[in-house]
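Understanding the architecture of this molecule
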Amino acid sequence: MGTYYEWVADLDVTEHDAPEVGRRVVEALVARGVILPELSPDAALGGDGHPAGPAWADTVETSVSGESPWGVQVRVGRAVQDGGQFDVGSVTCPRCSATREFFGPPEEFGPTCSDEEGLGRFYAAAEAWSEGDEGSEADLECRACGVATPVVGWRAGGAALTCLAFVFWGWDELRPEALRWVADATGGHRIASGSGKI
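Residues numbered from 1 in each chain as written. Predicted model: local features only at pLDDT ≥ 70, side-chain atom pairs only at ≥ 80, totals over all residues. Heavy atoms only, no water.

With that settled, the discussion passes to the sheet that holds strand β10 (residues 191-197). A sheet is described by the order of its strands in space; here 5 strands give the open sequence β2-β3-β9-β1-β10, paired in antiparallel fashion. Looking at strand neighbours, the two that pair on one side only are β2 (50-51) and β10, the edges of this open sheet. Against the sheet, helix α1 (residues 18-31) contacts β1 (4-10), β2, β3 (71-81) and β9 (160-169), and its axis sits at roughly 25° relative to β9. Against the sheet, helix α4 (residues 176-185) contacts β1, β9 and β10, and its axis sits at roughly 130° relative to β10. (Pairing = 2+ DSSP bridges. Helix = DSSP H or I, 4+ residues; strand = E, 2+ residues; numbered from the N terminus. Contact = heavy atoms within 4.5 Å. Axes fitted to C-alpha atoms, helices over the stretch in contact; angles between N-to-C directions.)

Let us now look at a nonpolar patch on the surface. Nonpolar side chains collect at one region of the surface, where Leu45, Trp70 and Ile198 lie side by side and expose about 260 Å² of accessible area between them. Accessibility expressed as a relative area gives 35% for Leu45, which makes it partly exposed. (Patch = residues over 30% accessible without salt bridge, like charges linked within 9 Å, V, L, I, M, F, W, Y side chains within 5 Å. Areas by Shrake-Rupley, 256 points an atom, 1.4 Å probe, with all protein chains shown as cover. Salt bridge = Lys/Arg side-chain N within 4 Å of Asp/Glu carboxyl O. Buried < 20%, exposed > 50% of the residue type's maximum accessible area, 1.4 Å probe, protein only.)

For Ser97, which is not glycine, the phi dihedral falls at a positive 65°. For Ser97, the position within the fold is in the loop between β4 (90-92) and β5 (99-101). Judged by its relative accessible area of 55%, Ser97 is exposed. Despite not being glycine, Cys113 shows a phi value in the positive range, around 60°. By the element assignment, Cys113 lies in the loop between α2 (106-109) and α3 (116-130).

Time to look at α1. For α1, with 14 residues, the first-to-last C-alpha span of 20 Å sits near the 20 Å given by 1.5 Å per residue. Residues of α1 that are buried: Ala18, Val21, Gly22, Val25, Val26 and Leu29. What you see down the axis of α1 is that its buried residues fit within an arc of 140°, all on one side. Buried residues in α1 make contact with β1, β2, β3, β9 and α4. Gly33 occupies a position one or two residues after α1 and carries a positive phi of about 80°. (Expected span 1.5 Å × (residues − 1). Arc of directions from axis to C-beta.)

Going through the model one piece at a time under the given rule, you end up with 4 aromatic pairs. Here Tyr5 and Trp169 contribute two aromatic rings whose centre-to-centre distance is 5.1 Å and whose plane-to-plane angle is 50°, an arrangement assigned as tilted. Here Trp169 lies in strand β9 and Tyr5 lies in strand β1, a separation of 164 residues in the sequence. Here the two residues Tyr5 and Trp169 agree in accessibility, since each one is buried. (Phe/Tyr/Trp six-rings, centres within 6.5 Å; stacked < 30°, edge-to-face > 60°.)

This part is about α4. One turn of the α-helix equals 3.6 residues, which is why residues spaced by three or four share an orientation. Within the sequence span of α4, burial applies to Ala178, Leu179, Trp181, Val182, Ala183 and Ala185. Summarising the contacts, the buried residues of α4 are in contact with β1, α1, β9 and β10. Just beyond α4, the residue with positive phi is Gly187, at close to 95°.

A few words on the side chain of Thr3. Positionally, Thr3 belongs in the segment before β1. On the accessibility criterion, Thr3 (18% relative accessible area) is buried. Among all residues touching Thr3, those that are not within four sequence positions of it are Leu45, Trp70, Trp169, Gly196, Lys197 and Ile198.

Further remarks concern empty space enclosed by the protein. The tally for this structure, following the rule as stated, stands at 1 cavity of 30 Å³ or more. As for the largest cavity, its lining consists of Val91, Arg100, Phe102, Gly118, Leu140, Glu141 and Trp154. Its residues placed into classes, the lining of the largest cavity shows 4 nonpolar, 1 polar and 2 charged. (1 Å grid on protein atoms, 1.4 Å probe; cavity = no way out; pocket = protein on both sides within 12 Å on 5 of 7 lines; lining within 4 Å. Points joined across faces, edges and corners; volume = space filled by probe spheres on them. Nonpolar A, V, L, I, M, F, W, Y, C, P; charged D, E, K, R; others polar.)

From the geometry alone we can't say anything about function, so treat these as descriptive.
Spelled out as structure tokens, the structure:
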């Protein structure tokens, strides 16, 4: 079965500012009644989260189960936000804008229909970056232009490398308004969002 979640990540926040910006987003969601201010180990998988508030249903298009979701976990610090299944669809080079697809037909990608080598290199660089590496281990080389640049600058389809994210555990698909509430609380930062299952 697994556990489903939605994630929303701040693409512009610095490591230094992430705790304060995270606090502002939590306050905004509490004020709207989306989450409660207290933390609970029952509101998130693998850590504490803010339980769903009385207005949680305002954040989703349709609730599949009709039941209240778990809650929202705030993740501060370098991390890869993705669907939990290593399912990044593609990456785009920040230098030449060439996109490398990781999934496709068997005649191009082999029997697994995936570019295992490319995915492996992306996740290895992303892991190095998330552990604080600023050197070549956290770089990704573009097959098109041949230049290695920091992986954090690459645009990843289905994932984001960020210092601040909000994981909505057990939530159904978030409405655009809910994403806007998060963006507004960050001060207008760019955000990325996605869904996952673990």
